[in-house]
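Spelled out, the chains give:
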Amino acid sequence: MTSAPKGTYSITTPIYYVNAAPHLGTAYTTIAADVVARYQRMNGYDVAFVTGMDEHGQKVADVAADKGMTAQDWCDSMEAPFRDAWEMLDISYTDFVRTTEPRHARSVRTFWQDLYDKGYLYKGSYEGWYCVHEETYYAESDLEKNEEGAFVCPDCKRPVQLMASGEENWFFKLSDFQDELLALYEKRPEFIRPETRRNEIVSFVSSGLKDLSISRSTFDWGVPLPFDEGHVAYVWADALIAYLTGIGYADDAASGGPGERAGEFERRWPMQYHFVGKDITRFHCVIWPAMLMAAGLPVAHTVFGHGFLLTKGEKMSKSKGNALRPADLCDIFGVDAYRYYFMSDVQFGADGSISMERMVQVYNADLANTWGNLVSRVTNMTKKYFDAVVPVPPADAAATRDNPLREMVDALYVAYDEALALVDFTAAVAAVQKLAGRVNLYVEDAAPWNLAKDETKAGELAAVIYNALEAIRVIALYLAPFMPNTSAEVYRRLGLGDVFALDDIERAAQWGGLPAGNAVEVGDPLFPRLDVEAISIEME
Ligand code: MSP
C-alpha cells in the first residue's frame, strides 16, 4: 500500500547539552517527537526529525576542563552515549546535528552574516548577570539571593557571574521585534502551546524586550562570527540554528555548501513542531522567531513547551542526583513499555510525577492485563479452534457487520488523528485502549468456549474470532508509533507484513484488512506481569 508522499513534516527536539548523559527528562522530549515522527510517516508524510548535541558554550567548556580533557575531546566522547540511548529507545531521527560540525559552523556564519548585512546587529557592551548552568543572561531584578546574601540564578539557584563592562559584544536588535512577535502570538495562537506557556510568553514580551548579546570575545569555545572573527557566537545564537542545519540549510549552495542536500531546506522549512521543555520556551518563542523574522524566514507552526517529570515533587536532574538512567527502566520494563508509560500517564504539557509504583501499576493494568492478555487470549483461541489460521468470517453479513468492534474501529481514526495532531498522546492512547478493553469484553460476552461446543454455532465462532483478531490488528497499528517493537511483533504473529512500511494508516485501519487464511502464531506473553516488590531500583 504505497502512495505519493503527502508533503513534508518536520519536527525537532532540543539539541542537548553534552555536560551530562541523556536522562529521563531528555529522553521524554525525544520519545514524544519520535511518536509524532513515526505516526506522520505512517500517514504518508516525508518526515524530517532533527535532534543533536549542543556542544559550545561555557558550561560544556567547564565540564571538559573538570575532566581534564579538551572541549572537543569531551564532546566527541559524548556522541556515543547520546546515539546509543536513542538507538536503545528506538528513536527514528533523520539528522543528528553536532554544533561542532563544520556544516553547522557554516549555517551559523551564514545566518549571522545575513543579519549583520541587514543591519540587525550592533556592537555594545553588556553589563549584567549570567548563569553558566542555564547559559542565560538575567536582569538584576530577576535574581534571587541565597542564605549568604549572594545573587543566585532564579532557575537553577546557582551563583551567577557578573559580566563587567569593557567586554564588547555584538547585539541583536531583539527589541525591534516586540510588536511583530505580539502580532504573531495574536494571529497564530497555536504558535505556542499549551495555552499556559502562551500566556507566560505574551506577558513577558508585552512587558518589553531588551536587545540580546549574541557574541563573546573573552571566550573562544564557539563558532567565530564571519564579520568579526575575534568573537564567537553566544551558545543559544549557535544552538537554535541547528534546526536549520538539520534539514540541509548549510548544504544549500546559498550558504556555500557542497549542495548534496540542495533544495531540501526549502522543501522542509517551515517546520511543524519544535518540542521543548518549559524551561526553554522563551528561547524558542521569543528569540528564535525574532531571529527568523530578521532573516526573512517563516517561523514554525508550533512550539510545544512540555512540562517537567518530577520525582517526589522535584524536577529530575543530574545535578540533584535524582536522574535515573533510561537504561535502568528499559531493563525492567522493556523499551516499549517505557515509551508507553511516559506518553500515556504524563499529560504532555503538564508536569507529571513519576514513580516506580505507578509505572508498575500502569504496566500491569494496560499492558500485561489488557493489551498483552488480549493478544494471548485470542491467538490461543485461534490455535485451539481454527488450527492457528485466521478463520473466514461467514458470508452472512449480519455476523460481521453488526458488530460493536467494527463500529468502534470505524470511529477511531478521527479521534486518534485529532489527538495526535494536537500531540495529546494521553488521549490518543486512551482511545486505543478503550477499544482493547472492549474487545476483551466482547470475547467474554461471546464466550467462544461455549460456541465451540455447538456445531450449529461454527459460523458465529468464526465471526467472533475474526472480529477479535481484526480489532487486534487495528490496535497494533495505532499503538505502533508508541510501541514499535510490540506492534511489529503482533503484525508478525498475525501473518502480516511490516507495520512501518504503511504510508496510509487511515486506509490500513479500515475494517477487514486482516486476510482470512493467514497463519497466526501464539508466542510468549508480550508483557509478563511485574511485581513492584521485586524491583530494587528506587526512583529518587
Ligand atoms: N541545549 C539546550 C537546548 C538548545 S535547543 C536549540 C538545552 N539542553 S538540555 O540538555 O539542558 O536539554 C534540556 C531539555 O530537556 C529541555 O527541553 C528540558 O526541558 C528537558 N528536560 C530536562 N530535565 C527535564 C525533566 N526533569 N523533565 C522533562 N524534561 C526536562 O536546554
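Our subject is the structure listed above.
The following refers to the structure shown. Just so it is clear, the model here is predicted, and its values are computed rather than measured.

## Some points on the packing of aromatic side chains
To describe a pair of aromatic rings, one takes the distance between the centres and the angle between the planes.
Next up, step 1: Under the definition given, this model contains 38 aromatic pairs.
Next up, step 2: Geometrically, the ring pair formed by Y185 and F191 is stacked, given 6.4 Å between the ring centres and 15° between the ring planes. Both residues of the pair, Y185 and F191, count as buried.
Next up, step 3: Judged by centre distance (6.2 Å) and plane angle (85°), the rings of W269 and W288 are edge-to-face. Here W269, found in the loop between α9 (264–268) and β16 (273–277), pairs with W288, found in helix α10 (residues 281–295); they are 19 residues apart in sequence, far enough to count as distant. Each member of the pair W269 and W288 is classed as buried.

## Considering the environment of Y491
Next up, step 1: If you trace the backbone, Y491 turns up in helix α19 (residues 484–493).
Next up, step 2: Considering only alpha carbons, one finds Y491 and A480, 11 residues apart in sequence, at a separation of 9.9 Å.
Next up, step 3: Here R473 takes part through its side chain, which lies 3.4 Å from a polar atom of the side chain of Y491.

## Section: the sheet that holds strand β5 (residues 128–131)
Next up, step 1: The 3 strands lie next to each other as β6-β5-β9, forming an open sheet whose pairing is antiparallel. In the strand order of this sheet, the two ends are held by β6 (136–138) and β9 (161–163), each with one partner. Neighbour to neighbour, the strand axes of the sheet diverge by 40° on average, direction disregarded.
Next up, step 2: As defined by bridge partners, β5 adjoins β9 across 3 bridges and the pair is classed as antiparallel. Note on β9: the bridge partner recorded for W129 is L162.

## Observations concerning the site of the ligand
Next up, step 1: By nearness alone, 23 residues border the ligand, and I15, D54, G277, D279 and L309 come closest of all.
Next up, step 2: The backbone of Y17 places a nitrogen or oxygen atom 3.0 Å from an oxygen atom of the ligand.
Next up, step 3: Interatomic distance of 2.9 Å between a backbone N/O atom of L309 and a nitrogen atom of the ligand.
Next up, step 4: Out of a free accessible area of 660 Å², the ligand has 94% covered by protein chains.
Next up, step 5: If you list the elements that add at least two residues to the shell around the ligand, you get β1 (7–17), α1 (24–42), α7 (235–239) and β16.
Next up, step 6: Top element by residues in the shell around the ligand is β1. It accounts for 4 residues.
Next up, step 7: Residue composition of the shell around the ligand, by class: 13 nonpolar, 7 polar and 3 charged.

## Here's the deal with the pairing of strand β10 (residues 168–172)
Next up, step 1: Extensive coverage of β10 is indicated by the burial of 4 of its 5 residues.
Next up, step 2: Across 5 bridges, the pairing between strand β4 (residues 121–125) and β10 is antiparallel. Counted as the bridge partner of Y122 is F171 from β10.
Next up, step 3: Relative to strand β12 (residues 212–213), β10 runs antiparallel, the two sharing 2 bridges. Residue pairing across strands places F172 opposite L212, the latter belonging to β12.

## As for the state of the cysteines
Next up, step 1: Applying the stated criterion across every chain yields a total of 0 disulfides.
Next up, step 2: Left unpaired, C75 is separated from the closest cysteine sulfur, that of C131, by 19 Å.
Next up, step 3: The class for C75 is buried, based on a relative accessible area of 0%.
Next up, step 4: Of the cysteine sulfurs around C156, a residue in no disulfide, the closest is that of C131, at 3.6 Å.

## Structural notes on the packing of helix α12 (residues 335–345) against helix α16 (residues 425–446)
Next up, step 1: Interhelical geometry of α12 versus α16 gives an angle of 110° and a closest axis separation of 7 Å. In terms of axis orientation, α12 runs roughly perpendicular to α16. Contact residues: α12 offers Y340, M343 and S344, while α16 offers F425, T426, V429 and Q433.

## Notes on the side chain of T486
Next up, step 1: Take T486: it is sitting in helix α19.
Next up, step 2: We classify T486 as buried; its relative accessible area is 8%.

## A word on the side chain of Q433
Next up, step 1: Its place among the elements puts Q433 in helix α16.
Next up, step 2: Residue classification places Q433 among the buried residues on the basis of a relative accessible area of 13%.
Next up, step 3: Once you skip the residues sitting within four places of it in the chain, Q433 turns out to touch Y340, D366, L367, T370 and W371.

## Points about the sheet that holds β10
Across a sheet, paired strands are connected by hydrogen bonds in the backbone, their directions being either parallel or antiparallel.
Next up, step 1: Pairing within the open sheet is antiparallel, and its 3 strands lie in the order β4-β10-β12. Each of the sheet's edge strands pairs with one partner strand only, and the pair in question is β4 and β12.

## Considering the environment of T136
Next up, step 1: Residue placement: T136 occurs in strand β6.
Next up, step 2: Assessed through its relative accessible area of 12%, T136 is described here as buried.
Next up, step 3: Spatially, the C-alpha atoms of T136 and F283 are 9.7 Å apart, while their sequence positions differ by 147 residues.
Next up, step 4: Contact partners of T136, with chain neighbours within four places excluded, come to W129, Y130, C131, Y234 and F283.

## A look at the nonpolar core
Next up, step 1: Counting residues in hydrophobic clusters, the biggest one holds 116 residues, and the most contacted among them are F342, W371, F425 and F482.
Next up, step 2: Sorting elements by how many residues they give to this core places helix α18 (residues 458–479) first, with 14 residues.
Next up, step 3: Residues Y17, F111, I201 and F283 belong to the second largest nonpolar core, which totals 65 residues.

## Regarding the pattern of salt bridges
Next up, step 1: One pass over the structure, following the stated rule, counts 33 salt bridges.
Next up, step 2: The shortest N-O distance in the salt bridge between D46 and R268 comes to 3.1 Å. With D46 in strand β2 (residues 45–54) and R268 in helix α9, the pair connects residues that are 222 residues apart, well separated along the chain.
Next up, step 3: Through salt bridges with shared partners, a single ionic network connects D46, D95, E101, R103, R261, E264, R267 and R268.

## As for helix α4 (residues 102–117)
Next up, step 1: For α4, which comprises 16 residues, the first-to-last C-alpha distance of 22 Å matches the rise-based estimate of 22 Å (1.5 Å per residue) to within 8%.
Next up, step 2: For α4, the complete set of buried residues consists of R103, H104, S107, V108, F111, W112 and L115. Viewed end-on, α4 has its buried residues packed into an arc of 160°, placing them on one side of the element. In α4, the exposed positions that point more than 90 degrees away from the buried face belong to P102 and D117.
Next up, step 3: Downstream of α4 by one or two residues, G119 has phi in the positive range, about 85°.

Rules of the game
Residues numbered from 1 in each chain as written. Predicted model: local features only at pLDDT ≥ 70, side-chain atom pairs only at ≥ 80, totals over all residues. Heavy atoms only, no water. Phe/Tyr/Trp six-rings, centres within 6.5 Å; stacked < 30°, edge-to-face > 60°. Buried < 20%, exposed > 50% of the residue type's maximum accessible area, 1.4 Å probe, protein only. Helix = DSSP H or I, 4+ residues; strand = E, 2+ residues; numbered from the N terminus. Polar contact = N/O pair within 3.5 Å; in protein donor to acceptor, adjacent residues only side chain to side chain. Pairing = 2+ DSSP bridges. Axes fitted to C-alpha atoms, helices over the stretch in contact; angles between N-to-C directions. Near = heavy atom within 4 Å. Areas by Shrake-Rupley, 256 points an atom, 1.4 Å probe, with all protein chains shown as cover. Nonpolar A, V, L, I, M, F, W, Y, C, P; charged D, E, K, R; others polar. Disulfide = S-S within 2.5 Å. Parallel < 35°, antiparallel > 145°, perpendicular 65-115°, else oblique. Contact = heavy atoms within 4.5 Å. Core = buried A, V, L, I, M, F, W, Y, C linked by side-chain atoms within 4.5 Å. Salt bridge = Lys/Arg side-chain N within 4 Å of Asp/Glu carboxyl O. Expected span 1.5 Å × (residues − 1). Arc of directions from axis to C-beta.

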